[in-house]
Every structure is written in structure tokens, then in C-alpha cells.
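Descriptive analysis of the structure
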Amino acid sequence: MVLVAALGLLAAACGGGSSTSSSTSTSASGGSSTAVEASYTNTVNTKSAHMALAIGISEPGHAAVNLTGTGAASFATDESEFSLAIPQAGTFQIRLVGGKLYLMLPAQAQAATGGKPWAAVDLSSLDPGNSTVPGLGSGSSDPSQILGYLQGVSSSTTNLGSATVRGVQTTHYRVVIDLNKAAQANPQAAAQYQKLISETHTSTLPVDIWTDSSDRVNQMQLQIPVPASQGGSTAGGNVNLTLQLYDFGVPVTVAAPPADEIGTLNIPTTTTP
């Protein structure tokens, strides 16, 4: 279900929570692998950033769905805000505060909340199958989940040269993520990584990353396989993600909507795109 997958991904990509990084920057002088590993720590240590997201969800037997959004996220607190455009559904405003996700529905969809503009979504109530994919887990509110893949960078790292991302000069790397290594680096998500390995029958994941002169992540692209048991099809599907980060250190303050503007939204867990 497109909305369930999108909400889970946003919770992981844009939510708050403590990170496992240190408070100091890391030098990339040790080579390409070290540079990519340093980018994870250096990015999380900026505490916050503006974000742009493009999500492509594909499943055999269904038309591909492409979502786009922009927002701001704190890497240090449980606060974020995002605007997500979903084809044929409208634009949704999303806030994540204190581990709870608030969703502002387009006017044409507010009948689902009794006419209230906002809905409170309990992340733990979303399809638990999504939690098998780190960074896509509906129960996660840790902002480092998507970037956390970079804690599993293996020795297979290729420098593809310079490139410009949103007007910033960057270095483009193609890396192979060792999911076992990522699991060891992030005990909170270890079970998700291990389940992903089990269901996709692979312990590696190719990722492209673009870093700036301060070794911070400006752009990250990856394809996350969704096991067949989640996609409801024999062949399973994929989530293609492009994440851009910019304006590092920007102030991020997000408040929950007024209580009298919040309704209840029941999200089905077994529908198709």
C-alpha cells in the first residue's frame, strides 16, 4: 500500500531520535571507504538539514508509483516536517513529534477523519511487515535509519569523480553496503537488517552517495528490495529512493497540531497501489 510504505519511509528518513555517531567530525584521509563512512558521522553531527525526497515504488502487476517531497528534519530530536505529493491522492503535510506522526490530509480526503484536517498515526499500528526493511520500517522514528546504511560500507567503494548536486560540488561514490556490518554498527536496527538479509537472500546492497568538501551527504540513491511476503506478489517489488540533504544545521522546530484539529485515521494494511 503506497501510503503505508511512504509513511514508514518518512518516519525513518525524517524522524528524530538519538544517533550512534560521535560529536566530532571524521577525516576522510584514509581513502574512499573512509570518506563514505566519515560522511555518515559528519552528516548526523550537523544536527539537522533540509531534505528533498523522491520515492519510486514498483510491484509486479501494478503501475509504478512515484512520490516527491520536501521538508526539514532534526537529527538530534524527534522533530520533522514534510510535504509529500502522492499521485491521484494529493499533497500531504507530515509532522513527526515525540515519536508520533501527524498527517494533514488534502481537503478531498478529510472525510476519513470526520472532517478534521489532521490525523494522528500511531507508527506501531502500521503494517508490521514494513519493519523488515531498515529505513522503511513503519515503527521507526530514528533519523539515521536511511543514512545508517552507510555504517555498513564495505571495501568495495568506487570514486566516480566530481558532480554538482543542488549547486554544490560533490564527489560521487558507488559503494556496496555489507548489511551484517550495518547491523553490528546499529544494534537497534539489527533485527531488521537480519530479517532483510533472510528474506532477500543477500547480505549486500549497492548504494550511490554524493559528498561535499566537508564529507557530508548531499545525495544518496539506493534500491531497497521489498520481499514478496510484503508486496503481496510472487516476485516482490522495489523501493527506489533518492534523498538529498542541504542547508545543514538549519533550525528545526515542529509542534503537534491543535488537539481539536486532529481526527482518527484507520490505515488499511492489505491494499495495493
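Here goes a summary of the coordinates provided. Nothing here was measured: the structure is a model prediction, and the numbers come from that model.

1. A closer look at the overall build of the protein chain
- Counting secondary structure elements, the protein chain contains six helices and 12 strands.
- Going through the 273 residues of the protein chain one by one, you find that 51% of them count as buried.
- A separation of at least 24 residues holds for 62% of the contacts in the protein chain among residues at least 6 apart in sequence.
- Of the roughly 11200 Å² that the protein chain leaves accessible, carbon and sulfur atoms contribute 49%.

2. Re the nonpolar core
- Residues Tyr-149, Leu-150, Ile-177, Met-220 and Leu-245 are the most contacted members of the largest nonpolar core, which totals 53 residues.
- With near-sequence residues (within four places) excluded, Leu-245 lies in contact with Thr-43, Ala-49, His-50, Met-51, Phe-75, Leu-147, Val-217 and Asn-218.

3. With respect to helix α5 (residues 190-200)
- Every buried residue of α5 is listed here: Gln-192, Tyr-193, Leu-196, Ile-197 and Thr-200. Viewed along the axis of α5, the buried residues span an arc of 140°, placing them on a single side of the element.
- Among the residues trailing α5, His-201 stands out with phi positive, at a value near 60°.

4. Notes on the sheet that holds strand β2 (residues 62-74)
- Pairing within the open sheet is mixed, and its 12 strands lie in the order β7-β8-β9-β10-β11-β1-β2-β3-β4-β5-β6-β12. The open sheet terminates on both sides in strands that have one partner only, identified here as β7 (153-165) and β12 (262-264). Across the sheet, the mean angle from the axis of one strand to that of its neighbour is 20°, orientation sign disregarded.
- Here β7 runs beside strand β8 (residues 168-178); their pairing, made up of eight bridges, is antiparallel. Looking at the pairing, Thr-157 lines up with Val-175 of β8.

5. So, the pairing of strand β1 (residues 48-59)
- For β1, the buried fraction is high: nine of the 12 residues fall into the buried class.
- As paired strands, β1 and β2 are joined by 11 bridges and run antiparallel to one another. If you follow Ile-55 over to β2, its bridge partner there is Leu-67.
- With antiparallel pairing between neighbouring strands as the criterion, β1 and β2 make up a hairpin whose turn holds two residues, including Gly-61 at a positive phi of roughly 90°.
- Pairing geometry for β1 and strand β11 (residues 237-246), over nine bridges, is antiparallel. Note that in β11 the partner of His-50 across the bridge is Tyr-246.

6. Thoughts on the environment of Thr-157
- One can find Thr-157 in strand β7.
- For Thr-157, a relative accessible area of 16% corresponds to the buried category.
- In sequence terms Thr-157 and Val-207 are 50 residues apart; their C-alpha atoms lie 9.7 Å from each other.

7. Here's the deal with the packing of aromatic side chains
- The full count for this structure, using the stated rule, is one aromatic pair.
- With centroids separated by 5.7 Å and ring planes inclined at 90°, the aromatic side chains of Tyr-149 and Tyr-193 adopt a geometry described as edge-to-face. Of this pair, Tyr-149 sits in the loop between α3 (144-147) and β7 while Tyr-193 sits in helix α5, placing them 44 residues apart in sequence. Judged on exposure class, the residue Tyr-149 and its partner Tyr-193 are both buried.
- Over the ring of Tyr-246 we find Arg-166, and its NZ or CZ is 3.9 Å from the ring centre.

What counts and what doesn't
- Residues numbered from 1 in each chain as written.
- Predicted model: local features only at pLDDT ≥ 70, side-chain atom pairs only at ≥ 80, totals over all residues.
- Heavy atoms only, no water.
- Helix = DSSP H or I, 4+ residues; strand = E, 2+ residues; numbered from the N terminus.
- Buried < 20%, exposed > 50% of the residue type's maximum accessible area, 1.4 Å probe, protein only.
- Contact = heavy atoms within 4.5 Å.
- Areas by Shrake-Rupley, 256 points an atom, 1.4 Å probe, with all protein chains shown as cover.
- Core = buried A, V, L, I, M, F, W, Y, C linked by side-chain atoms within 4.5 Å.
- Arc of directions from axis to C-beta.
- Pairing = 2+ DSSP bridges.
- Axes fitted to C-alpha atoms, helices over the stretch in contact; angles between N-to-C directions.
- Phe/Tyr/Trp six-rings, centres within 6.5 Å; stacked < 30°, edge-to-face > 60°.
- Lys NZ or Arg CZ within 6 Å of the ring centre and 35° of its normal.

None of the figures reported here should be taken as evidence of function without further support.
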